[in-house]
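# Observations on chain architecture
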Amino acid sequence: MWDLREAAEALEARLIRPTAPFSVFGAACDSRRVQPGDVFVALPGHRASGHDFLSEAFARGAMGAVVSRDPGFGTNLFLVPDVPTALRELAAWRRAAIEAPIVGVTGSFGKTTTKELVAAALSARYRTYRAPENYNTEIGVPLAILSIPDDVEAAVFELGMTARGEIRELGELLQPWAGIITSVGPAHLGSLGSLEAIAEAKWELAAALPEEGILALGWDSPELRSRADRCPGLCLRFGSTPDADFHPEDLVTDRPEGVTFRAVTPAGDLPVQLKLLGEHVPVLACGAIALAWGMGVPEKSAAQALAHVEPIPHRLQLRPAPFGWLLDDCYNANPLSMKAALRTLSTLKLAVARRAILFGDMLDLGSDEDRFHAQAIHDAQDQGVDVMFCYGPRSAAAFRFWNGPGAAEAEDLDALLTEIRKEVWSAPTLLLVKGSRAMALERAIEALVNHVTATGSPG
């Protein structure tokens, strides 16, 4: 909770129509997400301005708003020259008042899952706040900072990036005391050019830590191992092999209820049971246990707390479907996460006759994008996938390497859904849906589950 009057004074902003109460619990930039007690941040947009939704924000219970012009209504309006700049300044002011240690999470994949696992592990000892959903950008992180409760004892944030310097800027704002870097892989190759450049961009989180801080480091990535000596504080290694301080053994990853394994730690071995899917998840869980252990959480308590983490929407989320089962992994995609998803598709013990994939384009892979899409097709064949559907110009071009049933469509998702329906309704099927965020494949999931077109009309 923070005070609007104190914030306005700190920002040297004019507070228009000040009206009690002045206590704020959080912040939102989407009027549909405003909760009673929030401040609404009226950001400029490409199609519309947040100022156009002020009335809706106040109707939903906003206590005030950050604006660049007075709309003539509403109370407790911060009048500022530039709303995005004011949002960052407001978050920096609020961050200075928070004494709880903040943990940053980044990596080429698994960031959101790791954030949830770390928050759960820390909650075994501390009152823990975690940034919601994918609040991992220059807008999302400040909004999440403004929503940290007063009584919090630890806070966990995900840090995303598309270019060098972005994590550094988020780190300057967050001032994390601990961090975890999950991996380095071919995501954002188009923007950054090489794995070394990606590793350097991710390492900006480590550089933001104080000398007494803690870093959990993904030991499976050579690019991260080579930087371990640069760690400013305590470096805890986690990975899939025994040369990591924390690693999993005796993995059981084919159960639809979730994975189980034995976590090997410097303090002994621990049984771990998760509700999450994927062969990569035990390694991420070991990273969460490592970081929590470094922050004083007994390893047994941390491991037990991980059992309560629920499947995350659109991240290897197994859902019943009219044709059998749907493995919803449509939030994003890169070559590393594609391999992990294909292994999950092929190994899950389910009563299905076939295993299929709707493969959407993987974006921002640079000049090697053709090779990565072709490799995904070959990986699907190697994993025994029965039916392949490709959506988008890149995956559709790679479809020529597929030698089984299926179809490809570069642009028309509804046309491809017609082909998918013909195929998956002919026998019980497990269908994996995966592609980059910009492909918006949640449209396909909605269409297949609810029998509508990808645009939402009855089909």
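Preceding block: the structure.
Because the structure is a prediction, the values reported are computed rather than measured.

Moving on, we come to the nonpolar core. Grouped together as the largest cluster of nonpolar side chains are 88 residues, with contacts concentrated most on V66, F78, F157, I357, F359 and M388. In this view, F359 contacts M338, H373, A376, I377, M388, F389, C390, Y391, S395 and K434; residues no more than four positions away in its chain are not counted.

Before going further, it helps to examine the sheet that holds strand β7 (residues 77-79). The strand order across the open sheet built from five strands is β2-β7-β6-β5-β4, with neighbouring strands paired in mixed fashion. Each of the sheet's edge strands pairs with one partner strand only, and the pair in question is β2 (14-16) and β4 (26-28). Within the sheet, the average angular offset between the axes of one strand and its neighbour, ignoring direction, is 25°. Two strands pair when backbone bridges link them, and strand β6 (residues 64-67) and β7 are joined in this way by three bridges, in the parallel orientation. Directly across from V66, in β7, lies its bridge partner F78. Here helix α1 (residues 4-11) sits on the sheet in contact with β2, β5 (38-41) and β7, set at roughly 0° to β7. In the packing of helix α3 (residues 83-96) onto the sheet, the strands contacted are β5 and β6, and the crossing angle to β6 comes to about 125°.

Right, let's get into the pattern of salt bridges. One pass over the structure, following the stated rule, counts 32 salt bridges. Between R32 and D30 there is a salt bridge, with the nearest N and O atoms lying 2.9 Å from each other. Classification of R32 by relative accessible area gives exposed; the value is 60%.

Moving on to the sheet that holds strand β21 (residues 406-409). Strands sit in the order β17-β18-β22-β19-β20-β21 across an open sheet of six strands; the sheet is mixed. The outermost strands of the open sheet, each flanked by one partner alone, are β17 (317-321) and β21. Direction aside, neighbouring strands of the sheet carry axes that sit 15° apart on average. Against the sheet, helix α15 (residues 413-424) contacts β19 (354-360), β20 (387-391), β21 and β22 (429-434), and its axis sits at roughly 170° relative to β20.

This part is about the packing of α1 against α3. Contact pair α1 / α3: the axes reach a minimum separation of 10 Å and the direction vectors enclose 115°. With respect to α3, the axis of α1 lies roughly perpendicular. For the element pair α1 and α3, the recorded crossing hand is right-handed. Residues E6, A7, A10 and L11 of α1 form the contact with α3, whose participating residues are A86, E89, L90 and W93. When the residues that make up the contact of α1 with α3 are grouped by side-chain class, the tally is six nonpolar, no polar and two charged.

Before going further, it helps to spend a moment on unusual backbone geometry. Cis geometry is found at the peptide bond from A20 to P21, where omega equals 5°. Within the secondary structure, P21 sits in the loop between β2 and β3 (23-24). Phi at A440 takes a positive value of approximately 50°, unusual for a residue other than glycine. Residue A440 is classed as buried on the basis of its relative accessible area, which comes to 18%.

Between helix α4 (residues 111-122) and helix α11 (residues 299-306), whose axes approach to 7 Å, the crossing angle comes to 130°. In terms of axis orientation, α4 runs oblique to α11. Like other packed secondary-structure pairs, α4 and α11 cross with a definite hand, here right-handed. Each of L117, A120 and A121 in α4 lies in contact with α11, whose residues at this interface are A302, A305 and L306.

The rules behind these values
- Residues numbered from 1 in each chain as written.
- Predicted model: local features only at pLDDT ≥ 70, side-chain atom pairs only at ≥ 80, totals over all residues.
- Heavy atoms only, no water.
- Core = buried A, V, L, I, M, F, W, Y, C linked by side-chain atoms within 4.5 Å.
- Buried < 20%, exposed > 50% of the residue type's maximum accessible area, 1.4 Å probe, protein only.
- Contact = heavy atoms within 4.5 Å.
- Pairing = 2+ DSSP bridges.
- Helix = DSSP H or I, 4+ residues; strand = E, 2+ residues; numbered from the N terminus.
- Axes fitted to C-alpha atoms, helices over the stretch in contact; angles between N-to-C directions.
- Salt bridge = Lys/Arg side-chain N within 4 Å of Asp/Glu carboxyl O.
- Parallel < 35°, antiparallel > 145°, perpendicular 65-115°, else oblique.
- Left-handed = near helix turned anticlockwise from the far one by under 90°.
- Nonpolar A, V, L, I, M, F, W, Y, C, P; charged D, E, K, R; others polar.

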